[in-house]
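# Close look at the chain arrangement
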Amino acid sequence: MQITVKNSILELVQGDIVHQEVEAIVNAANTTLLGGGGVDGAIHRVAGPELLEHCKKLGGCNTGDAKLTPGFRLKARYVIHTVGPVYRDGKGKESALLASCYQRSLEVAKENQIKSIAFPSISTGAYRYPLHEASRIALDSITHFLDEHESPEIVRFVLFGEEAFQTYRQTLLEISRKHP
Ligand code: ADP
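All figures in this text were calculated on a predicted structure; none of them were measured in a lab.

### Section: the sheet that holds strand 6 (residues 116-119)
The mixed open sheet is built from 7 strands, whose spatial order is 1-2-7-6-3-5-4. With partners counted over all chains shown, the strands left at the sheet margins are strand 1 (2-5) and strand 4 (66-70), one partner each. Strand-to-strand twist across the sheet, computed as the mean angle between neighbouring axes with direction ignored, equals 25 degrees.

Shown next as structure tokens:
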């Protein structure tokens, strides 16, 4: 499924982010940037040990921020590492921090003239953000950014599994009524 926002395409696919042929893939990392499980582990496995060596020099990353590295053995030229919030009860800064992950990742992409980028569903694995709420924040943040910046040209969500894909699809259908 895809929609057009200004000059950009926002699309959803079900699959594995490590195989995406885009300029940059986004990693749902942790504050150490020294690797972890989930999508982080998968990206490091395919990128190779050079990625961890490079990340060691970055001094970590704050929650809600994003940092760029090469993609090493990945098809993607770059990895943008962002750190999502751990979900507690939704009453704290979780939603603002999650929105910030998408916004900062897109800013870093723009600063580096990256024209195509793929995101995983940040914070909805080990960090336990409820999928429906997270999908709304993710897609709202991205459409808002594309409305204002008209870049990158392609933003792809790569959803791991049917439940995540169907949840994001439903949310995108709701949002697309505002972007016909
Ligand atoms: P977080 O700690 O931010 O919650 P996780 O990696 O635990 O990060 O999970 C984030 C999301 O990424 C989850 O929805 C999970 O199903 C998904 N995921 C895990 N592996 C992959 C992968 N290879 N490609 C795309 N998404 C993935």
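Read on for the rest.
### Description of the pattern of salt bridges
Between side chains of opposite charge, a pair can form when the charged atoms approach closely. Scanning the model with the defined rule gives 8 salt bridges in all. The shortest N-O distance in the salt bridge between R73 and E50 comes to 3.0 Å. Remark: E50 occurs in helix 2 (residues 49-56) and R73 occurs in the loop between strand 4 and strand 5 (78-83); sequence separation between them is 23 residues. Judged by its relative accessible area of 54%, R73 falls in the exposed class. In this structure, D140 and R136 form a salt bridge, with 3.5 Å as the shortest nitrogen-oxygen distance. Taken together, the positions of D140 and R136, both in helix 4 (residues 131-149) and 4 residues apart, correspond to about one turn of that helix. For D140, a relative accessible area of 29% puts it in the partly exposed group. Here the residues in one salt-bridge network are D65, R104 and E107, joined through shared partners.

### Some points on the side chain of N27
With respect to the secondary-structure elements, N27 resides in strand 3 (residues 24-29). Of note is the side chain of N27, whose polar atom sits 2.8 Å from the side chain of D40. Not counting chain neighbours up to four residues away, the residues in contact with N27 comprise V39, D40, I43, H44, V79, I80, H81 and T82.

### Observations regarding the site of the ligand
For the ligand, the set of nearby residues contains 14 residues, the closest of which are D16, V39, S123, G125 and A126. In this structure, D16 approaches the ligand through a side-chain N or O atom, which is 2.8 Å from a nitrogen atom. Between the ligand and V39, the relevant distance is 2.9 Å, taken from an oxygen atom to a main-chain nitrogen or oxygen of the residue. When the free accessible area of the ligand is taken as 560 Å², the share hidden by the protein chains comes to 88%. The element that contributes the greatest number of residues to the shell around the ligand is helix 1 (residues 38-47), accounting for 3 residues. Grouping the constituent residues of the shell around the ligand by class yields 8 nonpolar, 5 polar and 1 charged.

Calculation rules
Residues numbered from 1 in each chain as written. Predicted model: local features only at pLDDT ≥ 70, side-chain atom pairs only at ≥ 80, totals over all residues. Heavy atoms only, no water. Pairing = 2+ DSSP bridges. Helix = DSSP H or I, 4+ residues; strand = E, 2+ residues; numbered from the N terminus. Axes fitted to C-alpha atoms, helices over the stretch in contact; angles between N-to-C directions. Salt bridge = Lys/Arg side-chain N within 4 Å of Asp/Glu carboxyl O. Buried < 20%, exposed > 50% of the residue type's maximum accessible area, 1.4 Å probe, protein only. Polar contact = N/O pair within 3.5 Å; in protein donor to acceptor, adjacent residues only side chain to side chain. Contact = heavy atoms within 4.5 Å. Near = heavy atom within 4 Å. Areas by Shrake-Rupley, 256 points an atom, 1.4 Å probe, with all protein chains shown as cover. Nonpolar A, V, L, I, M, F, W, Y, C, P; charged D, E, K, R; others polar.

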